[in-house]
Amino acid sequence: MSSQADPHARERIAIIGAGIVGSAIAWRLTREGHRVLLLDRAEPALAGASFGNAGHIACEQLEPLPSVRLLMTFWRELSAFGGPVHIPLRRIAALAPWMARFAAAALHQRRNTPALAALVRPAADSLERALREVGHPELLVRHGHYALWCGPRALEQAARTAHAARALQVRTEAAPETLTRAIGAHAPGTVSGLWYPDSAHVIDPRSVAQAFVDAAVQAGARFEQTEVRELLPEADRITVCTEARRLSVQAAVVCAGVQSGPLLRRFGLNAPLTAERGYHLEFPDTPPLCDAPVVYMTHSIIVTPMRGRLRATSYLEFERHGAPPDARKLRRLRRSLERFGYRSAPPHPGWVGSRPTLPDYLPGIGRAPGPAPLYYALGHQHLGLTLAAPTAEAMAALLAQRRPPLDLGPFDLRRFGAARPR
Ligand SMILES: Cc1cc2nc3c(=O)[nH]c(=O)nc-3n(C[C@H](O)[C@H](O)[C@H](O)COP(=O)(O)OP(=O)(O)OC[C@H]3O[C@@H](n4cnc5c(N)ncnc54)[C@H](O)[C@@H]3O)c2cc1C
């Protein structure tokens, strides 16, 4: 596709990144009458985290992860102690500044929770509305999810979690005995569980992004598969430099997941993103225990019923984005799942992807300072699928200079200071 073929090229708003966040924004802006150009080096939601996530619309995850309690008990979460977190020793020096910011953010969890909660609470309703409008309501299932604990402390852990949820006004109920008994058949000992009625799941994360892109393109947006090398301020416009050409656009929105940082530096913005990698395995042959995600809390695994298969995800691996997957992790995940009765022949090869995570676990949503019309929506950590629709609503308001549906101040990237010049 060339700019000459597009009579509206100069009026377009370029969106860089067609993961779930960029795709949802592309649709939302098109719906509001903007001319959109969506750019990605791959097909929509194929190359990034949006392809392989757990599909959970996590309306219960109101608190950003960094907390004083976690700082105290962090070691228990490390893979060396059987936990899901892996920080390769050779990465510690590179990760130190990010970790220092994580520790600082832990002191502000109470302040940051209402900001994140305002984005998370309406997420399932927002996604339901959006999917209805694009003609794919069937992609969202609103049956909540189950959290299950196994072992001698299961009852106490479930009770403590229910109590903490109540304090945040998150509804929970005891999980049905049929489910805990079914799990108990594979994990002898006590099994205790909670049902979160207000969460939801999608039956195919990639199809959700594709549904937004298809609806946007039908309404006049363009999708172009190309790598964006650089964005340049040009008075009150932006020049997008792709691998093939340069084009001047009315505005640009950076939604490039974990790779967003370099595109923002020239605008003075610092996005200290890290790749928090997670893995998945799929099971086409195993029937679901129920039509909702099941979180094995003791094993940090979530199993989600998806179209034609189950998908099991796990791990928080602080490895470099693009590094090869760790075969040992996939083997360990496979073994744990086999113990719970999940098997497939031939075995699924496994997938790894990078959650784009800022150290305070709040996303970055806003506009760069100065006259250049440069916007960004990134750093959605474990919640990018959950937050895509509300983020798109907020971005549409920002571009239209309307009052956004929530206070975007806490998501301004200037909280990390200005970018150092290259
Ligand atoms: C294992 C796992 C499980 C998860 N489970 C859940 C869950 O259950 N619920 C939930 O809400 N979230 C979940 N997440 C998090 C969620 O997947 C991410 O937050 C979300 O996908 C981020 O979306 P994104 O659009 O910002 O980034 P991405 O999906 O990573 O997309 C970024 C896109 O930008 C493109 N790009 C980057 N740089 C350039 C460039 N220079 N030029 C052109 N294109 C570029 C990439 O090709 C990519 O397509 C999970 C993540 C993982 C890894």
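Residues numbered from 1 in each chain as written. Predicted model: local features only at pLDDT ≥ 70, side-chain atom pairs only at ≥ 80, totals over all residues. Heavy atoms only, no water.

Asks: Would you mind showing me how to read the overall build of the protein chain here?
Replies: Each helix and strand in the protein chain was counted, giving 12 helices and 21 strands. Structurally, the protein chain occupies a C-alpha span of about 65 × 45 × 40 Å along its principal axes. Per-residue burial over the protein chain gives 57% buried out of 422 residues. By sequence separation, contacts in the protein chain at least 24 residues apart represent 75% of the contacts at least 6 residues apart. (Helix = DSSP H or I, 4+ residues; strand = E, 2+ residues; numbered from the N terminus. Buried < 20%, exposed > 50% of the residue type's maximum accessible area, 1.4 Å probe, protein only. Contact = heavy atoms within 4.5 Å.)

Asks: Where do I start with the nonpolar core in this structure?
Replies: Nonpolar side chains tend to gather and get buried jointly when the protein is soluble and globular. Residues Ile15, Ile25, Leu29, Ile57, Leu127, Phe212 and Val253 are the most contacted members of the largest nonpolar core, which totals 71 residues. Here Leu127 is in contact with Ile57, Leu140, Val202, Val208, Phe212 and Ala389, once residues within four sequence places are set aside. Membership of the second largest hydrophobic core comes to 27 residues, among which are Val228, Leu263, Leu273 and Leu374. (Core = buried A, V, L, I, M, F, W, Y, C linked by side-chain atoms within 4.5 Å.)

Asks: Teacher, can you tell me more about unusual backbone geometry here?
Replies: With the exception of glycine, the majority of residues adopt a negative phi angle, and the majority of peptide bonds are in the trans configuration. Ala345 connects to Pro346 through a cis peptide bond whose omega is -5°. The phi angle at Ala235 is positive, at roughly 50°, despite the residue not being glycine. In this structure, Tyr315 is a non-glycine residue whose phi angle is positive, near 80°. Note on placement: Tyr315 falls in strand E18 (residues 309-317). Judged by its relative accessible area of 5%, Tyr315 falls in the buried class.

Asks: In this structure, what is going on with the packing of aromatic side chains? I would like to understand it.
Replies: Any aromatic ring pair is given by two values, namely how distant the centres are and how the planes are angled relative to each other. Here the structure, examined in full by the defined rule, presents 12 aromatic pairs. Both rings, one in Phe51 and one in Trp351, keep their centres 6.3 Å apart while their planes meet at 45°; by these two values the pair is tilted. Taken together, the residues Phe51 in helix H2 (residues 49-52) and Trp351 in strand E19 (residues 351-357) connect sequence positions 300 residues apart. The exposure class of Phe51 is partly exposed, given its relative accessible area of 25%. (Phe/Tyr/Trp six-rings, centres within 6.5 Å; stacked < 30°, edge-to-face > 60°.)

Asks: Can you walk me through a nonpolar patch on the surface in this structure?
Replies: Taken together, the side chains of Val68, Met72 and Leu107 present a nonpolar region at the surface, about 320 Å² in accessible area. Among the secondary structure elements, Leu107 is positioned in the loop between helix H4 (92-106) and helix H5 (109-120). Assessed through its relative accessible area of 62%, Leu107 is described here as exposed. (Patch = residues over 30% accessible without salt bridge, like charges linked within 9 Å, V, L, I, M, F, W, Y side chains within 5 Å. Areas by Shrake-Rupley, 256 points an atom, 1.4 Å probe, with all protein chains shown as cover. Salt bridge = Lys/Arg side-chain N within 4 Å of Asp/Glu carboxyl O.)

Asks: Sorry, what's going on with the pattern of salt bridges here?
Replies: Think of it this way: side chains of opposite charge can pair up when their charged atoms draw near. As enumerated under the stated definition, the model contains 29 salt bridges in all. A salt bridge links Arg245 to Glu224; the shortest N-O distance between them is 2.5 Å. With Arg245 in the loop between strand E12 (237-242) and strand E13 (246-249) and Glu224 in strand E10 (residues 222-225), the pair connects residues that are 21 residues apart, well separated along the chain. Judged by relative accessible area, Arg245 falls into the buried class, the value being 18%.

Asks: Explain the pairing of E13 here, please?
Replies: Moving residue by residue along a regular strand, the side chains alternate between the two faces of the sheet. Here 4 bridges tie E12 to E13, and the two strands are oriented antiparallel to one another. For Ile238, the partnering residue across the bridge sits in E13 and is Val249. The loop that links E12 with its antiparallel partner E13 comprises 3 residues. (Pairing = 2+ DSSP bridges.)

Asks: I'm lost on the site of the ligand in this one. Help?
Replies: As a structural note, the neighbourhood of the ligand is formed by 33 residues, with Asp40, Ser50, Gln381, His382 and Thr386 the closest of them. Interatomic distance of 3.0 Å between a backbone N/O atom of Ala54 and a nitrogen atom of the ligand. Separating an oxygen atom of the ligand from a backbone N or O atom of Gly384 is a distance of 3.0 Å. Contact with the protein chains covers 96% of the free accessible surface of the ligand, which is 1000 Å². For the shell around the ligand, the elements supplying multiple residues, two or more each, are helix H1 (20-31), H2, strand E15 (274-283), E19 and helix H12 (384-399). Residue classes in the shell around the ligand are distributed as 12 nonpolar, 17 polar and 4 charged. (Near = heavy atom within 4 Å. Polar contact = N/O pair within 3.5 Å; in protein donor to acceptor, adjacent residues only side chain to side chain. Nonpolar A, V, L, I, M, F, W, Y, C, P; charged D, E, K, R; others polar.)

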